[in-house]
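A closer look at the structure
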2 protein chains.
Amino acid sequence: MTTYQSLIDLIQTRIEQQDKSPLYLKIAESVKHAMQQHILKGGDFIPTEREFGELLGVSRITVRKALDLLDKDGVIVRSRGLGTMISETVEYSGKTATSFSQQVVLTGKKPDTLWIKKDTVPCSADIAKTLNLKQGEQVFLLKRVRYIDEQAVSIEESYVPSALIHDPDEIQLSLYDYFQSQNITPSRTQSRVSAKMPTEESLEKLNIDEHTPVLLIEQTAFDNTGRPIEYSINHCRGDLYVFVSE
Amino acid sequence: MTTYQSLIDLIQTRIEQQDKSPLYLKIAESVKHAMQQHILKGGDFIPTEREFGELLGVSRITVRKALDLLDKDGVIVRSRGLGTMISETVEYSGKTATSFSQQVVLTGKKPDTLWIKKDTVPCSADIAKTLNLKQGEQVFLLKRVRYIDEQAVSIEESYVPSALIHDPDEIQLSLYDYFQSQNITPSRTQSRVSAKMPTEESLEKLNIDEHTPVLLIEQTAFDNTGRPIEYSINHCRGDLYVFVSE
């Protein structure tokens, strides 16, 4: 039988802290905290609603609210037959334009970025069409490897009209944070998703073998005025990523 | 240089028919017709707007309208640098709940279905949760292999609440046609899309080798009252399918 002692200790300590955070939020936060401290990792089971209630001495309604939040943030996967598990997959949202970093932070994990290229290049015909630019016009190419908890998970190439980027050095972990700082509000996306075998570059940079497929996500993001602001090509580890849309 | 004579002949014959169909529609229809007759196949290039106009003696505006329609239906892929190509991929729409058969017919291709199972089974916990049913309750399992132009392209398992199906024998090529006949209107979908290596069953039924990945699409469809009407698990050939959402 699994013991949840370290997890329960961590949550109890948080609950006892004197602040105005609601109880369910303290519990949800502590689960994310436990992941950062490697007390919990993807694939681990956590207590059921009933067990949690008993171990913590709180109502099942409070536990349910905490689990609902963790579920919504993609931290846990609930299955009536099997119990509640820490999610092993990364959700790529096709619903709204959200930043990789924001999404990873929501799950209690640590995002990181290794820049490969941050430069202007002449626009190809296809990308010009997608971004409403002229062929050959300068466009920013932002290429980076994305990490979650120090593991490479995707290679991302973003093409951004150069008029939207004044100082590329200001773009750090998140392009979307930079957009926000320029009062550009990403809102809608269009995506094309396919399954591919890994390229040489994916094998090397994502540290996968040739039996791990790649989820290829091509996405155009538009701001709240309907203007295209980014076209990205994302090679994501097929064993970790799931694209979610509705 | 490629000759387009058979295609042009086919379109000219259609144009000369005395009916009230607008010219651009006659052209678009003829391109689909040419695919059915194997005059055109996926990957073939077709004339440019200008060439089409000259070969047919019609205005470029009319040609553009025909190409716009073919583009919208997923029949052609236009690229400013490379020209216009007959699409080799099958688009799986995450935008609206549309039937496989309808989508395939739109592209001028011939859909077919081989039934593997059409029976009621007890509902698992997960599927019960998705379809708002009780665990163990009877649910229809519709399993089939989908074909496009006699080539196997996907394996589809649909779970449908048994209350929605009165006579399974009435379900032929399209579950959605059956829904329509029962005044059930599929409207919204939720999808989870991932990349997988092929299972034994995919290797065999889809006639692919172990280097062809599978695009796994799990989709829940809701009717216009918000009621879940279908949960489907689709194993699609990764070399043919692209999932499209916005």
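Naming follows an unreviewed UniProt entry, where chain A appears as Putative HTH-type transcriptional regulator YegW of Vibrio ruber.

This paragraph deals with the interface of chain A and chain B. Listed per partner, the contact involves 31 residues of chain A and 31 residues of chain B. Overall, the association of chain A and chain B removes approximately 2600 Å² of surface from exposure, summing both partners, and the carbon and sulfur fraction of that is 47%. Counting the contacts that link chain A with chain B gives four salt bridges. Here arginine 192 of chain A ties to glutamate 91 of chain B by a salt bridge, and the two come within 3.0 Å at their closest N and O atoms. Secondary-structure elements contributing two or more residues to the side of chain A that touches chain B are strand S2 (76–79), helix H6 (125–130), strand S8 (186–196), strand S9 (214–223) and strand S11 (241–245) of chain A. Examining the composition of the side of chain A that touches chain B, we find that nine residues originate from one element, S8 of chain A, more than from any other. The residue makeup of the side of chain A that touches chain B, split by class, is 11 nonpolar, 11 polar and nine charged. Summarising the sheet, S11 of chain A and strand S8 (residues 186–196) of chain B pair through three bridges and their orientation is antiparallel. Directly across from phenylalanine 243 of chain A, in S8 of chain B, lies its bridge partner valine 193 of chain B.

What follows covers the sheet that holds strand S7 (residues 151–161) of chain A. Read across the open sheet, the eight strands follow the order S5(A)-S6(A)-S7(A)-S10(A)-S9(A)-S8(A)-S11(B)-S4(B); overall the sheet is mixed. Taken across any chain shown, the strands that pair with only one partner, and hence form the sheet edges, are strand S5 (111–122) of chain A together with strand S4 (90–93) of chain B. Geometrically, the sheet is characterised by an average inter-axis angle of 20° between neighbouring strands, direction not taken into account. The sheet contact formed by S5 of chain A and strand S6 (residues 138–148) of chain A spans 11 bridges and is antiparallel. By the bridge assignment for S6 of chain A, aspartate 112 of chain A is matched with tyrosine 147 of chain A.

Time to look at the domain arrangement of chain A. As a measure of interface size, the accessible area lost when the parts come together is often cited. Residue and element names in this part refer to chain A. According to the domain assignment, chain A consists of domain 1 (2–86) and domain 2 (90–244). Spacing between the C-alpha centres of domain 1 and domain 2 amounts to 32 Å. Tallying the contact residues gives six residues for domain 1 and four residues for domain 2. There are zero salt bridges connecting domain 1 and domain 2. Connecting domain 1 to domain 2 are zero residue pairs in polar contact (both at pLDDT 80 or more). Each residue belonging to the side of domain 1 that touches domain 2 can be placed in one class, and the counts come to two nonpolar, two polar and two charged.

Residues and elements named next belong to chain A. Along the polypeptide, serine 174 turns up in the loop between S7 and helix H7 (175–181). The class of serine 174 is buried, set by a relative accessible area of 5%. One polar contact links the side chain of serine 174 to the main-chain amide nitrogen of aspartate 177, over a distance of 2.9 Å. Here serine 174 is in contact with Ser99 and Ser101, once residues within four sequence places are set aside.

As a further point, take the sheet that holds strand S1 (residues 45–46) of chain A. Residue and element names in this part refer to chain A. Strand order across the open sheet formed by three strands is S1-S3-S2, with antiparallel pairing between neighbours. The open sheet terminates on both sides in strands that have one partner only, identified here as S1 and S2. Relative to strand S3 (residues 83–86), S1 is paired through two bridges, and the arrangement is antiparallel. Along S3, the bridge assignment pairs isoleucine 46 with threonine 84.

This brings us to the environment of leucine 215 of chain B. Among the secondary structure elements, leucine 215 of chain B is positioned in strand S9 (residues 214–223). Between the alpha carbons of leucine 215 of chain B and asparagine 234 of chain B there is a distance of 8.0 Å; along the sequence they are 19 residues apart.

A separate point is the state of the cysteines. In the structure shown here, the tally under the stated rule is zero disulfides over all chains. Sulfur of cysteine 236 of chain B: no disulfide; nearest cysteine sulfur belongs to cysteine 236 of chain A and is 18 Å away.

On to the side chain of serine 202 of chain A. Relative to the helices and strands, serine 202 of chain A resides in helix H8 (residues 200–205). The class of serine 202 of chain A is buried, set by a relative accessible area of 1%.

Next up on the list: unusual backbone geometry. One non-glycine residue with positive phi stands out, namely aspartate 149 of chain A, at about 45°. Turning to its location among the elements, aspartate 149 of chain A is positioned in the loop between S6 and S7.

What counts, and where the lines are drawn
- Residues numbered from 1 in each chain as written.
- Chains lettered and ligands numbered in written order.
- Predicted model: local features only at pLDDT ≥ 70, side-chain atom pairs only at ≥ 80, totals over all residues.
- Heavy atoms only, no water.
- Contact = heavy atoms within 4.5 Å.
- Buried area = accessible area lost by both parts, 1.4 Å probe.
- Salt bridge = Lys/Arg side-chain N within 4 Å of Asp/Glu carboxyl O.
- Helix = DSSP H or I, 4+ residues; strand = E, 2+ residues; numbered from the N terminus.
- Nonpolar A, V, L, I, M, F, W, Y, C, P; charged D, E, K, R; others polar.
- Pairing = 2+ DSSP bridges.
- Axes fitted to C-alpha atoms, helices over the stretch in contact; angles between N-to-C directions.
- Domains from an automatic or database assignment.
- Polar contact = N/O pair within 3.5 Å; in protein donor to acceptor, adjacent residues only side chain to side chain.
- Buried < 20%, exposed > 50% of the residue type's maximum accessible area, 1.4 Å probe, protein only.
- Disulfide = S-S within 2.5 Å.

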